[in-house]
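Each chain, letter by letter, is given below.
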Amino acid sequence: MATQIPQQNRTLFLALGLLFCAGTGRLSAAEQPSSPDVLFVVIDDLNDWISLLDETAPIQTPNLERLAARGMLFSKAYCVSAACNPSRAAVMTGLRPSTSGVYGNRSDWRAAVPDRKTIMERFRDAGYTVNGAGKIFHHHLNGAFHDDRSFSQFQHMPQQIYPPQKLNNAPKYGSRNTDWGVWPPNEDDAIDTQTVRFCREQLAAQHEKPLFLACGIFKPHSPFFAPARYHKAVESVLTPPRKEDDWQDLPSGALNLMKNKQWFWKGMLRVEDEQPGSWQQFVRSYAACVTFADTQVGRLLDTLDSTPRGRDTIIVLWSDHGFHLGEKNHIEKFALWEKSNHVPFIVVAPGVTRPGTQCERPVDLSVIYPTLLELCGLEPDENCDGHSVVSLLKNPAAEWGRPALMTYQRGNHAVRSNRWRYIRYADGTEELYDHSNDPHEWKNVANDPKWSQIILSHRKWLPVKEAAQVKDLRR
Ligand SMILES: [Ca+2]
Ligand SMILES: [Ca+2]
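Residues numbered from 1 in each chain as written. Chains lettered and ligands numbered in written order. Predicted model: local features only at pLDDT ≥ 70, side-chain atom pairs only at ≥ 80, totals over all residues. Heavy atoms only, no water.

Caption draft 1: Here's a closer look at the nonpolar core. Membership of the largest hydrophobic core comes to 58 residues, with the highest contact counts inside it found for Phe40, Phe74 and Phe345. For this core, the element with the most residues is helix 14 (residues 368-375), which contributes five residues. Contact partners of Phe345, with chain neighbours within four places excluded, come to Met72, Leu73, Phe74, Ala77, Val316, Leu317, Trp318, Val363, Leu365, Val367 and Ile368. Within the second largest apolar cluster, 54 residues are counted, among which are Leu53, Ile59, Ala226 and Phe323. (Core = buried A, V, L, I, M, F, W, Y, C linked by side-chain atoms within 4.5 Å. Buried < 20%, exposed > 50% of the residue type's maximum accessible area, 1.4 Å probe, protein only. Helix = DSSP H or I, 4+ residues; strand = E, 2+ residues; numbered from the N terminus. Contact = heavy atoms within 4.5 Å.)

As structure tokens, this is what we get:
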């Protein structure tokens, strides 16, 4: 158990830690910060078409940039899996799908790893108050994926309130969640407004123990609703680049995996046929939802800045995976391509990170669990699949020596190195993309013998063992 330290002494210890923090590598005992507060922010389905990650992107994210200016932005960060449940379960347990068997959005993650401590449980054990709100674990099945053990206090997401009729005038296609437009009329009624209100109260309150606060922002996840002012801010956003015959060079493994994942794109083509401009309106609604989510991050930072503890607080912000908006003829996640996998990931660790730094090493979000343990002086966990990035937080150019690894459903993986994306599907077929000249992943060069050594060097990072898929949770 970590010793509980009064607030003023904790601040002093942190200041001393800042003085002694230098060089690279693991934190020495003298450098260990003393139970700093942690603000843990996860955003749902936020992709990389944002100014934080791409200065040419049309969607502006000034508050994410404001956060990144305080610490380190990882420019090549990737989800562990491109679906809510396996991604979040992996971050929170520190175990990849190939270890836990949690591959799907309905996989019963707690049944898969009943004795495994989540990152929140580790902080509770260390004497922290661990509070949270919003979407932390997957939200389907009325909160069935939530984990009571992980929190001292938790405010669940309120129920989605829908407009009386679908806003996109396409009632024939998709559910009420496949909808986009201006909603709700009153911003105070939006789910994330309520989540962030709770989190701001927590940040402003006095806590006897150190605080780990988890804030789960639900937008830009479907339904793609945002209040009117956010739509006004994105009226000039166009549809993203797309290559009509992009699928011609996809192998059988990709076609098999994507077979049942094309409903949104195919439905969009029909809606577009009946109501030209619908795809454009959808993309703008996604952009409006991103702007709304970015504003919620700003509200959190405003409160943090108004409290004496704020400047010493460790902040981690990530998105559970990316999202295709029509690129590669796909609207959704559930794929092993860059758009579904590339995510914003920011770490602010006072005394460890330097303001406004960027790290270009490829990392996946399995790093979060071991990194938070190390930053806060908790015992490391030998069973973690990920590796702490503290050495990179201190020096973004430090040796890293490993690529990012992504898994989507059993047997399908992507390996992302600095230059390449290599994908190997369950049937053994492969894709290879050269990001040095093909950022949209339009040309699959896996069959070009010139790159056979590149394929070998990426293949060696695939998981050796793949756990059987855990049973689905049904309620
Ligand atoms: Ca998600
Ligand atoms: Ca192609």
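Caption draft 2: A look at the coordination of the calcium ion (ligand 1). The protein atoms that coordinate the calcium ion (ligand 1) are Asp44 (OD), Asp45 (OD), Cys84 (SG), Asp320 (OD), Asp320 (OD) and His321 (NE2), at distances spanning 2.2 to 2.7 Å. Geometry at the calcium ion (ligand 1) is irregular, judged from the six donor atoms that bind it and their angles of 51 to 160° at the metal. Each donor residue of the calcium ion (ligand 1) belongs to the same chain, and together they define the spacing D-D-x38-C-x235-D-H. Remark: Asp320 occurs in the loop between strand 9 (314-319) and strand 10 (324-325) and Asp44 occurs in the loop between strand 1 (38-43) and helix 2 (62-68); sequence separation between them is 276 residues. (Donors = N, O, S within 2.8 Å, 3.2 Å for Na, K, Ca; no water. Tetrahedral: all angles 85-135°; square planar, octahedral: opposite > 155°, others 65-115°.)

Caption draft 3: Region of interest: the packing of helix 11 (residues 263-274) against helix 12 (residues 278-305). At a minimum axis distance of 8 Å, the contact between helix 11 and helix 12 shows a crossing angle of 125°. In terms of orientation, helix 11 lies oblique with respect to helix 12. Taking contact as the criterion, the partners of Phe264, Trp265, Met268, Val271 and Glu272 in helix 11 are, on helix 12, Ser278, Trp279 and Phe282. Residue composition of the contact of helix 11 with helix 12, grouped by class: six nonpolar, one polar and one charged. (Axes fitted to C-alpha atoms, helices over the stretch in contact; angles between N-to-C directions. Parallel < 35°, antiparallel > 145°, perpendicular 65-115°, else oblique. Nonpolar A, V, L, I, M, F, W, Y, C, P; charged D, E, K, R; others polar.)

Caption draft 4: Here's a closer look at the coordination of the calcium ion (ligand 2). For the calcium ion (ligand 2), the full set of protein donor atoms is Asp246 (O), Asp246 (OD), Asp249 (OD), Asp249 (OD) and Trp442 (O), at a range of 2.3 to 3.0 Å. For the calcium ion (ligand 2), all donor residues lie on one chain, and their spacing in sequence is D-x2-D-x192-W. Residue Asp246 is found in the loop between helix 9 (228-232) and helix 10 (252-258), and its partner Trp442 is found in the loop between strand 19 (430-434) and helix 16 (452-459); the two are separated by 196 residues along the sequence.

Caption draft 5: Spatial organisation of the pairing of strand 18 (residues 420-424). The buried count for strand 18 comes to four of five residues, which makes it a mostly enclosed element. Across four bridges, the pairing between strand 17 (residues 413-416) and strand 18 is antiparallel. Within the sheet, the bridge partner assigned to Val415 lies in strand 18 and is Tyr422. Following strand 17, the chain reverses through three residues before pairing antiparallel with strand 18. For strand 18 and strand 19, the ladder comprises five bridges, and the chain directions are antiparallel. The residue of strand 19 that forms the bridge with Arg424 is Glu430. (Pairing = 2+ DSSP bridges.)

Caption draft 6: The sheet that holds strand 15 (residues 363-364), seen in detail. Spatially, 12-3-15 is the arrangement adopted by the three strands of the open sheet, whose pairing is mixed. Both outer strands of the open sheet, strand 12 (342-343) and strand 15, are each paired with one neighbouring strand and no more.

Caption draft 7: Broad picture of the environment of Gly356. Position of Gly356 relative to the elements: it lies in the loop between strand 13 (345-348) and strand 14 (357-359). Not counting residues within four places of it along the chain, the set of residues in contact with Gly356 comprises Ala68, Ala69, Arg70 and Gly71.

Caption draft 8: Examining the pattern of salt bridges more closely. By the definition in use, this model includes 27 salt bridges. Taking the shortest distance from any N to any O, the salt bridge between Asp44 and Arg88 comes out at 3.2 Å. Taken as a pair, Asp44 in the loop between strand 1 and helix 2 and Arg88 in helix 3 (residues 84-93) lie far apart in primary sequence, 44 residues in all. Under the relative-accessibility criterion, Asp44 is labelled buried at 0%. (Salt bridge = Lys/Arg side-chain N within 4 Å of Asp/Glu carboxyl O.)

Caption draft 9: Representation of unusual backbone geometry in the model. Looking along the chain, the bond that leaves Lys219 and enters Pro220 is cis, with omega of 10°. With respect to the secondary-structure elements, Pro220 resides in the loop between strand 7 (211-217) and strand 8 (224-226). The omega angle of the peptide bond from Ser222 to Pro223 is -5°, so this bond is cis rather than trans. Mapped onto the secondary structure, Pro223 falls in the loop between strand 7 and strand 8. The residue Asn142 is not glycine, and still its phi comes out positive at about 50°. With respect to the element layout, Asn142 can be found in helix 7 (residues 140-143). Taking the relative accessible area as the measure of exposure, Asn142 reaches 72% and is therefore exposed. One non-glycine residue, Lys328, lies in positive phi territory at about 55°.

Caption draft 10: Summary view of the sheet that holds strand 7. In space, the eight strands of this open sheet follow the order 5-4-7-1-9-13-2-14, with mixed pairing throughout. With partners counted over all chains shown, the strands left at the sheet margins are strand 5 (153-155) and strand 14, one partner each. Strand-to-strand twist in this sheet, taken as the mean axis angle between neighbours without regard to direction, amounts to 15°. With three bridges connecting them, strand 4 (residues 129-134) and strand 5 associate as parallel partners. Bridge assignment links Asn131 to a residue of strand 5, and that residue is Gln153. The strands touched by helix 14 are strand 1, strand 7, strand 9 and strand 13; relative to strand 9, the strand with the most contacts, the crossing angle is about 175°.

Caption draft 11: Seen up close, the packing of aromatic side chains. Within the structure shown, the criterion is met by 20 aromatic pairs. Ring geometry for Phe151 and Phe154: centres 4.6 Å apart, planes at 50°, overall tilted. Judged on exposure class, the residue Phe151 and its partner Phe154 are both buried. Relative to Phe264, the ring of Trp263 lies with its centre 5.2 Å away and its plane at 20°, an arrangement referred to as stacked. The class for Trp263 is partly exposed, based on a relative accessible area of 43%. Among the aromatic residues, ring-to-ring pairing joins Trp180, Phe224, Trp263, Phe264, Phe282, Tyr286 and Phe323 into one connected group. Positioned over the ring face of Tyr162 is Arg176, at 3.9 Å from the centre of the ring. Sitting over the ring of Trp337, Lys328 keeps its end group 5.3 Å from the ring centre. (Phe/Tyr/Trp six-rings, centres within 6.5 Å; stacked < 30°, edge-to-face > 60°. Lys NZ or Arg CZ within 6 Å of the ring centre and 35° of its normal.)

Coordinates in, geometry out; function isn't part of it.
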